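# Structural description and commentary
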Amino acid sequence: MRTAVIATRGLTRVYQAGDVAVHALRGVDLRIEAGEYVAVMGPSGCGKSTLMNTLGCLDRPTEGVYELLGRDVSRLTRDELATVRNETLGFVFQDFNLLPRTSAIENVELPLLYSAVPPAEQRSRARTALARVGLAGREASTPTQLSGGQQQRVAIARALVTAPALLLADEPTGNLDSQTSVEILALLREQHAHGLTIVIVTHDDEVGAEAERLLLMRDGRVVEDRRQRARRTSA
Ligand code: ADP
Ligand code: MG
């Protein structure tokens, strides 16, 4: 069997809030192959962001195993996780998370800053990534000078600049109007068509309906795993 991009077994996350233990994930078993486009849906508080943060190596599971590209990352140190994150993953958030007074191209270059990529090459890769999201010519603009949709494009370029194996998007259209949301989702689909593996959290039924695979979460568990259409064949 091929190595999955994501394989989890019994993934559990308990938050300690004072005296109260919050069971955000209650044993998630998941396997996601290269080239999949997976939507994650479920009511507020069911554990979607916790799952994404765990898959995104921003947080460690309390129990269970998480293998990313065949490597067990569930017990790595914070520094080791940061390295994995930087080399393997792209993350897109609802609130863009850009540096507000830093140019678009410098925002996109950030993930390359501490890499072995030479500075001139960093600049050209960031330029290419911005062009890929339709922002050629806006390299010098700061986020404060860009619309919400353009800011999310910058964030997507930043996520793509390291050529990640996996893009995780947590409600990437949550702060955008409906027309802009459609454009951002089309952009993500386009990246998927080029072979990128994507996991996206969404509240939007239409987005869920058009994904190849839909995971429904409830109370810390995946309660439904629906394959809605044939997976696109990847190389
Ligand atoms: P969703 O993204 O589906 O809305 P979350 O993963 O954010 O759900 O949250 C799942 C549960 O974990 C909720 O009950 C939430 O209140 C709780 N939770 C999330 N983050 C923390 C935290 N840092 N400390 C304590 N409880 C948390
Ligand atoms: Mg959330």
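In this report, the structure presented in the accompanying data block is examined. This one's a predicted model, so the numbers in the text were calculated from it and none came from an experiment.

For T3, the position within the fold is in the segment before β1 (6-17). Sequence spacing of T3 and N86 is 83 residues, and the spatial spacing of their C-alpha atoms is 20 Å.

Reading across the sheet, the six strands line up as β6-β7-β8-β3-β9-β10 and stay open at both edges, with mixed pairing between neighbours. In this open sheet, the two strands that pair with only one neighbour each are β6 (89-92) and β10 (221-227). Neighbour-to-neighbour, the strand axes of the sheet open up by a mean angle of 15°, direction not taken into account. When strand β9 (residues 213-218) meets β10, the two strands line up antiparallel, connected through six bridges. Within β10, the position partnered with R213 by the bridge is R227. Its contacts with the sheet place helix α2 (residues 78-88) against β6 and β7 (166-170), and it is angled at close to 85° to β6. In the packing of helix α6 (residues 178-193) onto the sheet, the strands contacted are β3 (37-41), β7 and β8 (197-201), and the crossing angle to β8 comes to about 155°.

One pass over the full model with this rule turns up one aromatic pair. For the pair F91 and F93, a centre-to-centre distance of 4.5 Å together with 5° between the ring planes defines the contact as stacked.

Glancing now at the site of ligand 1. Within the structure, ligand 1 sits among Y15, V22, A24, P43, S44, G45, C46, G47, K48, S49 and T50. Contact between ligand 1 and G45: an oxygen atom at 2.7 Å from a main-chain N or O atom of the residue. Within the contact set of ligand 1, an oxygen atom lies 2.8 Å away from a side-chain nitrogen or oxygen of K48. Isolated, ligand 1 exposes 560 Å² of accessible area, and the fraction of that covered by the protein chains is 60%. Those elements that provide at least two residues to the shell around ligand 1 are β2 (20-32) and α1 (48-55). For the shell around ligand 1, the leading source of residues is α1, giving three residues. By residue class, the composition of the shell around ligand 1 is five nonpolar, five polar and one charged.

Should the charged atoms of two oppositely charged side chains come close, the side chains can pair. Summed over all chains, the structure comprises 13 salt bridges. Among the salt bridges present, the one from R13 reaches D59, with a minimum N-O distance of 2.7 Å. Taken as a pair, R13 in strand β1 and D59 in the loop between α1 and β4 (63-68) lie far apart in primary sequence, 46 residues in all. There is no split in this pair, since R13 and D59 are both buried. Between R125 and E121 there is a salt bridge, with the nearest N and O atoms lying 2.9 Å from each other. Here E121 and R125 lie together in helix α4 (residues 119-132), a separation of four residues that amounts to about one turn. In this structure R125 comes out as partly exposed when scored by relative accessible area, which is 35%. We classify E121 as partly exposed; its relative accessible area is 33%. Linked through salt bridges whose partners overlap, the residues forming this network are E36, R213, D225 and R227.

Spanning 13 residues, helix α5 (residues 148-160) covers 18 Å between terminal C-alpha atoms, matching the ideal 18 Å at 1.5 Å per step. Burial within α5 is extensive, with 11 of its 13 residues counted as buried. Every buried residue of α5 is listed here: G149, Q151, Q152, R153, V154, A155, I156, A157, R158, A159 and L160.

Rules of the game
Residues numbered from 1 in each chain as written. Chains lettered and ligands numbered in written order. Predicted model: local features only at pLDDT ≥ 70, side-chain atom pairs only at ≥ 80, totals over all residues. Heavy atoms only, no water. Helix = DSSP H or I, 4+ residues; strand = E, 2+ residues; numbered from the N terminus. Pairing = 2+ DSSP bridges. Axes fitted to C-alpha atoms, helices over the stretch in contact; angles between N-to-C directions. Contact = heavy atoms within 4.5 Å. Phe/Tyr/Trp six-rings, centres within 6.5 Å; stacked < 30°, edge-to-face > 60°. Near = heavy atom within 4 Å. Polar contact = N/O pair within 3.5 Å; in protein donor to acceptor, adjacent residues only side chain to side chain. Areas by Shrake-Rupley, 256 points an atom, 1.4 Å probe, with all protein chains shown as cover. Nonpolar A, V, L, I, M, F, W, Y, C, P; charged D, E, K, R; others polar. Salt bridge = Lys/Arg side-chain N within 4 Å of Asp/Glu carboxyl O. Buried < 20%, exposed > 50% of the residue type's maximum accessible area, 1.4 Å probe, protein only. Expected span 1.5 Å × (residues − 1).

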